Amino acid sequence: MKIVHTYIPTKNGGTLNRYTAYCMLLSTLLAKKHHEHVFLYTNKEIEKIVKKIGIPYNVIDTEVLEGVEVETFSVPKLMVYTKQTQPYLHIDLDSFIYQPIEVKLVDRIYSSFAEGSSNVLSFERNNSVFFKTYLKGAFEIQDKLPEEFLEYVKFQNIPNMSIFGGHSWKLIAEATEYCLKIYEDNKEFFDSNYYNACIIEQLFIPAAIRMILDRENEEIVMEKDIFNFIFDKNPTVIEFTGEKWDYPFIIESNADVLKIESQTDLFRNLNYNFNGFLHLNGYKTFDEVIFMIRQRIIDEFGGNHYINKIDKLFTEETKTDKIFDSYCDYLRINLDKMVSMKNKSFGLI
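What counts and how
Each chain has its residues counted from 1, following the order in which its sequence is written. Residues qualify for local features only when their pLDDT is at least 70, as the model is predicted, and side-chain atom pairs are given and counted only at 80 or more; totals for whole chains, interfaces and linings, by contrast, use all residues. Hydrogens and waters are ignored; side-chain quantities use all the structure's heavy atoms. Throughout, nonpolar core names a set of buried Ala, Val, Leu, Ile, Met, Phe, Trp, Tyr and Cys residues whose side chains join them through atoms within 4.5 Å. Buried residues are those whose accessible area, probed at 1.4 Å on protein chains only, stays under 20% of the maximum for their type, while exposed residues exceed 50% and partly exposed ones sit between those limits. What counts as a salt bridge is simple: a side-chain nitrogen of Lys or Arg found within 4 Å of a carboxyl oxygen of Asp or Glu. Put simply, DSSP marks the helices as runs of H or I at least four residues long and the strands as runs of E at least two long, and each gets a number from the N terminus on. Definitions used for this entry: grid spacing 1 Å over protein atoms alone; cavity, a set of points where a 1.4 Å probe fits but cannot get out; pocket, an open set with protein on both sides within 12 Å along at least 5 of 7 lines; lining residue, one with an atom within 4 Å of a point. Grid points are joined across faces, edges and corners, and a volume is the space filled by probe spheres set on the points. Residues are grouped as follows: Ala, Val, Leu, Ile, Met, Phe, Trp, Tyr, Cys and Pro are nonpolar; Asp, Glu, Lys and Arg are charged; every other residue, Gly included, is polar. With axes taken as lines fitted to C-alpha atoms, and helix axes fitted only over the stretch in contact, angles between N-to-C directions fall between 0 and 180 degrees. Angle categories are assigned with fixed cut-offs, so that under 35 degrees is roughly parallel, over 145 is roughly antiparallel, 65 to 115 is roughly perpendicular, and the rest are oblique. The contact definition used throughout considers only heavy atoms, calling two residues in contact when any of these lie within 4.5 Å.

Undergrad: So what exactly am I meant to see when it comes to the nonpolar core here?
TA: Burial of nonpolar side chains together is a common tendency in soluble globular proteins. Core analysis: the biggest nonpolar cluster contains 62 residues, and Phe96 and Ile293 have the highest contact counts within it. The next biggest cluster of nonpolar side chains, apart from the first, holds 51 residues, and it includes Ala175, Tyr183, Phe190 and Ile199.

Undergrad: What is the right way to look at the pattern of salt bridges in this model?
TA: Oppositely charged side chains may form a pair once their charged atoms are brought near each other. Under the criterion given, the structure shown has 22 salt bridges. Two residues, Lys51 and Glu47, come together in a salt bridge whose shortest N-O distance is 3.3 Å. Of this pair, Lys51 and Glu47 both sit in helix H2 (residues 44–53), separated by four residues, roughly a single helical turn. By relative accessible area, Lys51 is classed as exposed at 56%.

Undergrad: Looking at this structure, I do not really get the layout of surface pockets. What am I missing?
TA: To find leftover empty space, a probe the size of one water molecule is rolled over the atoms. By volume, the second largest pocket is sized at about 220 Å³. Lining the second largest pocket are Ile8, Pro9, Thr10, Lys11, Asn43, Glu45, Glu66, Gly67, Val68, Glu69, Val70 and Glu71. Residues of the lining of the second largest pocket, tallied by class, amount to four nonpolar, three polar and five charged.

Undergrad: Sorry if this is basic, but what is going on with the packing of H2 against helix H11 (residues 304–313) here?
TA: Think of two packed helices as two axes; the pair is described by the angle between the axes and how far apart they sit. Across the interface, H2 lies against H11 with an axial gap of 8 Å and an inter-helix angle of 135°. The angle between H2 and H11 places the two elements in the oblique class. The residues of H11 that touch H2, namely those facing Ile49, Lys52 and Ile53, are Tyr306, Lys309, Ile310 and Leu313. Among the residues forming the contact of H2 with H11, the class breakdown is five nonpolar, no polar and two charged.

In structure tokens form, the structure reads like this:
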């Protein structure tokens, strides 16, 4: 299965910095390990940086996105969806496949998990993010949407597209073309708010898919026969005991829970596989997890040469540098202990 990355800078999306480069690199290395063929869609400026680092994409396409300048961060992905001509899985740069993703059902569209799967309209505090992301903006734009489209917009089981694709590339492309027309007709609205990027992609593309299938089939197509969710819920949740991103913290990875009590705990768990998949989501700048990503590149893939090139390109000092210095001290102390124990066992001291 072809794996696809998309990246160009957008005004309300992330810039290419050291953290983004670490993520892009490890995401690619893991995807190649399990799925072999990884494609990047970008522009020529980013292509030069990627080649300087040596990120081992099989193909770098600059035709689709060269000269594209947009504010809504999901639009480049939409443009890439429309150009696919074979089965694929598109994964975000901050998505890491530690185990292969099996795509067995050729008649399903795959997504990482369902957002808003229950109680989306309840008045619980944790639903405020869902309200800001989907409900508020969707109702603001409602009057400008095609009447034929409205009944297909559903606020339950919204496919999260940190992983998205499958064998139905033609259907996805057709639905995405429809949504790009909505974007072009309402560009000012979608560009006005960061969260509106999620509406045009994760809320509206599935709606367009339902609409197209409803037109093409005499019988009603059930929701369960359209989408297949790889995980039962959001596979990555990071929780802190206080308001600050600090120790101790918990990483819940698809029902597997890892508690990191201290920096020493962090160093002891650098080979953690996140129960097969990690999606950083809102934690793209959480230094401790970024350090885990950085060190995985070195430990599993012998990637010191990659890291050196990234750090030379992006020279701003980060907390990961300090964590790495502490890690070197940790290794040195433990090595000294091992040497001391060995010398004692041989009666050398």
